Amino acid sequence: MTADLKQLYKLYSENYIVDTDTRKIRKGSIFFALKGENFNGNKFAENALQTGASYAIVDEIEYHNELNTILVKNVLTTLQNLANYHRKKLNLPILSLTGSNGKTTTKELISAVLSKKFKTTATIGNLNNHIGVPLTLLSMTPETEIGIIEMGANHLYEIDFLCKIAEPNFGYITNFGKAHLEGFGSIEGVIKGKSELYNFLRTNNGIAFVNTDDPIQIKQSEGINIISFNEQEIKFIEANPFVKISFKGIEITSKLIGKYNFNNIAAAIAIGNYFDIPQDKIKEGIENYTPTNNRSQIIEKGTNRIVLDAYNANPSSMFAALENFHQLKDVTKILILGDMFELGENRGAEHQKIAEFATSLNFDKVYLIGKAFSTTNVKNAFKYASFEDFKSSNTDLEFNNSTLLIKGSRGMALERILDLF
């Protein structure tokens, strides 16, 4: 069968369930047979139907039948168009956020706060690209009162494209840092690319939440309706190791480490305050949020405390993490860093800067792991070309009463170090 967008939406609205993975088919879903470099979802359409999907969307005629598959020109485009159509039908407040660092943590904090009053639907994990954003929108139902959409990008015009799908009413940019330099080309490219969210809000009379302690944010948000916040209103108290802040006379102690998380918490407070979340509920939402999935997790191993921050890394987040780790008091500090990815031609220079900074802070031990870090020219550090080299030299990490920071890009999978204790 074939169907136009209105007909497809009618089928989708029977259950409001969309699936793209035949290993996770839910009964009554619509299966979208997406393609990738190494897979062709069309080949799995029949399997999706057999395991519970009501319909399958395909774009290759040999996988089409007249009963319960729908033939379209392009499955991905259809998914994106359906998501935008659904967004218009729901007509609810959508808050989108992007930035170089802290997107997912900030999104989780905002969700934790807003859900104290509203039925919220937020991006799951980091499904924040041209597939993840449509899937998040399509996970919303008529019961959803506020949607929170994380947007990721590694080159220009991606955020612009995602904004056209999600059509946010509100936006927040965490920061502009040295992330995805390979795609953006420079820090100026990063600023331009992330500011595409501001451009959309400016053109469509949206509202931006802006940290006015950041002069770049002030400049980039000119001409937009803004809700501002800064450290005069939301005050930083300490991060030793957990971030503690005060807001309107209330102290909030989070389960997040590092002063670099202060702005993430402050944004969630400002957004909660705008949407009239009671102060005690804002406090409750933030204090109950526990980081997971290798993002600034605190793990106790014997007498040691491990800060596992192995989900992502770039020069900006590395410097912030090292500065915070250096400020911890009265502990033995062990540093284990893994390579940073997607830096392009800046790769060697950026790793050298981080290695020099790390070894200048007089940590008790410094381990540098990966091809880029192993070629840096620094003293007072143990260097390994790969995780396997590190593992073979450190089959048993015998530290006592120490605090360890483990940080690297996702591809380094440094959480494997936990198995060595």
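Computed from a prediction, not measured in an experiment: that's the story for all the values here. (Residues numbered from 1 in each chain as written. Predicted model: local features only at pLDDT ≥ 70, side-chain atom pairs only at ≥ 80, totals over all residues. Heavy atoms only, no water.)

(A) Looking closely at the pattern of salt bridges. Going through the model one piece at a time under the given rule, you end up with 16 salt bridges. Where Glu284 meets Lys281, a salt bridge forms, and the shortest distance between an N and an O atom there is 3.7 Å. One end of the pair, Glu284, and the other, Lys281, are both in helix α12 (residues 279–288), 3 residues apart, so they sit about a helical turn from each other. Its relative accessible area of 30% is what places Glu284 among the partly exposed residues. Of the residues examined, Lys281 reaches a relative accessible area of 29% and is grouped as partly exposed. For Arg305, the salt bridge is made with Glu300, and the minimal N-O distance between the two is 3.2 Å. Taken together, the shared-partner salt bridges in this structure form one network comprising Lys35, Asp59 and Glu60. (Salt bridge = Lys/Arg side-chain N within 4 Å of Asp/Glu carboxyl O. Helix = DSSP H or I, 4+ residues; strand = E, 2+ residues; numbered from the N terminus. Buried < 20%, exposed > 50% of the residue type's maximum accessible area, 1.4 Å probe, protein only.)

(B) Seen up close, the pairing of strand β14 (residues 242–247). Here strand β13 (residues 234–239) runs beside β14; their pairing, made up of 5 bridges, is antiparallel. Of the residues in β14, the one forming a bridge with Ile234 is Phe247. Here β13 folds back onto β14 in antiparallel fashion, the turn holding 2 residues. Judged from the 5 bridges that link them, β14 and strand β15 (residues 250–257) form a sheet pairing that is antiparallel. Among the inter-strand pairings, Phe242 is bridged to a residue of β15, identified as Ile257. In this antiparallel pair of consecutive strands, β14 and β15, the connection spans 2 residues, and Lys248 shows a positive phi of 50 degrees. (Pairing = 2+ DSSP bridges.)

(C) Summary view of the sheet that holds strand β12 (residues 225–229). In spatial order, the strands read β8-β9-β7-β10-β11-β12; together these 6 strands make up an open sheet with parallel pairing. Looking at strand neighbours, the two that pair on one side only are β8 (120–122) and β12, the edges of this open sheet. Sheet twist, expressed as the average angle between the axes of neighbouring strands with direction ignored, equals 20 degrees. Pairing between strand β10 (residues 170–173) and strand β11 (residues 207–211): 3 bridges, direction parallel. By the bridge assignment for β11, Tyr172 is matched with Phe209. (Axes fitted to C-alpha atoms, helices over the stretch in contact; angles between N-to-C directions.)

(D) Just the packing of aromatic side chains, in detail. With the rule as written, the count across this model stands at 19 aromatic pairs. Both rings, one in Phe118 and one in Phe275, keep their centres 6.2 Å apart while their planes meet at 80 degrees; by these two values the pair is edge-to-face. In this pair, Phe118 is assigned in the loop between α4 (103–114) and β8 and Phe275 in the loop between α11 (262–274) and α12, connecting sequence segments 157 residues apart. Considering the side-chain rings of Phe170 and Phe275, the 5.2 Å spacing of their centres and the 65 degrees angle between planes classify their relative orientation as edge-to-face. Linking Phe170 in strand β10 with Phe275 in the loop between α11 and α12, this pair joins segments that are 105 residues apart in sequence. (Phe/Tyr/Trp six-rings, centres within 6.5 Å; stacked < 30°, edge-to-face > 60°.)

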